[in-house]
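# Structure assessment
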Amino acid sequence: PLRVQLEAGDLLFREGDEPGAAFLIESGTIEVKTHQRGDEVVLSLLGPGDLVGEMAVIDDAPRTATATAVSAAVLFPLDRQQIADRLAATDPIVRSLLEGQLKRYRGALAALQGKQPMPDTPTPSERLGTGRIRLEAQLREALANRHLELSYQPLLSVAEDRVAGFEALVRWNHPERGWISPGEFVALAEETSLIVPVGEYVIDTACDAVGRLIAAGTCRAPFVAVNVSARQLAHPGLIERIVARVDAARLPRGSLKIEITESQVLDYTLVAGIIDVCHGHGIKVALDDFGTGYSHLCHLHRLPFDTIKVDQSFSRSMLDDVRSMAIVETIVRLGHALSADIVVEGIETPEQLEALRRLGCQYAQGYLIGRPQRLDVLLASG
Ligand code: C2E
Ligand code: CA
Ligand code: CA
Ligand code: CA
């Protein structure tokens, strides 16, 4: 289940039970008890933001205490895999700190059960990270409840002066916080295997959008480009699942593209393999954010990308700074030489677009061409 709802007095788990999930308390109060010579001893009262039952899951040992709801409560379960993912990604020092705490807790508990003082109350450091875990649990729910949406931003074919396709950008409609940008939650999802279902949702929705764009006839042979991070692609079997979904959607070749976004060093062998698989299934691959951070010349030298997307930092300064203009011009020429299309992002003024036209750049993207929009709005506006 995505959430567990308890009434006052309901049992969550019992001492001696096999460990199942841990729980993050969203609302209500949970009492954790053990027995001391037949008498019940309350170990702790836990409330919103606290984790309960994580010890047995981390240790893979039977429950050492019993947890019941004192008042009506809502909890988000965290399965062993989620916790294992987080532990595996954790700094080893933090991990050993955790293990130390765990040992002390178990020792104190055993001592208690043989008539010893109460264990230390949880330290503030144990609460560390629960804010993110909470967001992650909510994201899991958002996915199930379809609170993730895609916005579509047009790409202009500069020479033809027409919209040729769209980039799909994911957004989260959060019940309390409103729209949350991908910058905030994609990185979070990437830390665990949650990025896998998020990515699958994006692909499925984008495939569906291609079908609807074709049916509406808004533009000739439209494409939709989806963002896939290198960390996403590192999940084994992910690219196979992507192409299977694209194949199942029976889209015209070239109508679905992927943009590889980079936040770490690219694994060339892996990405070369991925580009190869994509090409075999009529999927074109773009290198995103070229010219920033980790997205650099070596990638082009080693990997046969179909498209290079030039980051908006270049278009921003292109008209005021001859050096930026020279860089954009050189990238456009480089693209020609490598038979790759160039997209310049962040085009906000007619002067910037005019400059791209002069340079012979294939595609322009940015607020001048259009802001990201929901598909229904886009289809309604023709
Ligand atoms: P990106 O792929 O570089 O996407 C372009 C970002 O620039 C978008 O922000 C877009 O709204 C914004 N933008 C477009 N034109 C203009 C302009 O003219 N001026 C300005 N100032 N901004 C413009 P957004 O939607 O917040 O996306 C942020 C990043 O999140 C994206 O950067 C992409 O790397 C990532 N992202 C978006 N959707 C997904 C997804 O489905 N999966 C993954 N893994 N990452 C995604
Ligand atoms: Ca992109
Ligand atoms: Ca980009
Ligand atoms: Ca970006």
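Rules and cut-offs
Residues numbered from 1 in each chain as written. Chains lettered and ligands numbered in written order. Predicted model: local features only at pLDDT ≥ 70, side-chain atom pairs only at ≥ 80, totals over all residues. Heavy atoms only, no water. Pairing = 2+ DSSP bridges. Helix = DSSP H or I, 4+ residues; strand = E, 2+ residues; numbered from the N terminus. Axes fitted to C-alpha atoms, helices over the stretch in contact; angles between N-to-C directions. Parallel < 35°, antiparallel > 145°, perpendicular 65-115°, else oblique. Left-handed = near helix turned anticlockwise from the far one by under 90°. Contact = heavy atoms within 4.5 Å. Donors = N, O, S within 2.8 Å, 3.2 Å for Na, K, Ca; no water. Buried < 20%, exposed > 50% of the residue type's maximum accessible area, 1.4 Å probe, protein only. Domains from an automatic or database assignment. Buried area = accessible area lost by both parts, 1.4 Å probe. Salt bridge = Lys/Arg side-chain N within 4 Å of Asp/Glu carboxyl O.

### Thoughts on the sheet that holds strand β6 (residues 51–52)
Whether parallel or antiparallel, the strands of a sheet pair through hydrogen bonds between backbone atoms. Pairing in this open sheet of four strands is antiparallel, and the strands run β1-β8-β3-β6 from one edge to the other. The open sheet has two free edges, formed respectively by β1 (4–6) and β6, since each of these has just one partner strand.

### Points about the packing of helix α13 (residues 322–337) against helix α14 (residues 350–359)
Where α13 contacts α14, the axes come no closer than 10 Å and their chain directions differ by 45°. The angle between α13 and α14 places the two elements in the oblique class. Considering the relative orientation of α13 and α14, their crossing is right-handed. Contacts between α13 and α14 involve M325, V328, E329 and V332 on the former and, on the latter, A355, L356, R358 and L359.

### So, the coordination of the calcium ion (ligand 3)
Within the protein, the atoms that donate to the calcium ion (ligand 3) are D288 (OD), D289 (OD), E345 (OE) and E345 (OE), at distances of 2.2 to 2.6 Å. Binding-site remark: the calcium ion (ligand 3) is held by donors from one chain whose sequence spacing is D-D-x55-E. Between the calcium ion (ligand 3) and the calcium ion (ligand 2), both coordinated by D288, there is a metal-metal distance of 4.0 Å. Note on D288: relative accessible area 4%, which makes it buried. Look at D289 and you get partly exposed, because its relative accessible area is 24%.

### Section: the domain arrangement of the protein
In terms of domain boundaries, the protein breaks down into domain 1 (4–128) and domain 2 (136–380). Look at where the C-alpha atoms of domain 1 and domain 2 centre, and you get two points 43 Å apart. Each side of the interface is counted separately: domain 1 has five residues, and domain 2 has nine residues. Approximately 640 Å² of surface area, both sides summed, lies buried where domain 1 meets domain 2, with 44% of it carried by carbon and sulfur atoms. Of all residues in domain 1, the largest losses of buried area upon contact with domain 2 belong to F76, Q82 and R86, amounting jointly to 69% of the total for that side. Where domain 1 touches domain 2, the interface holds two salt bridges.

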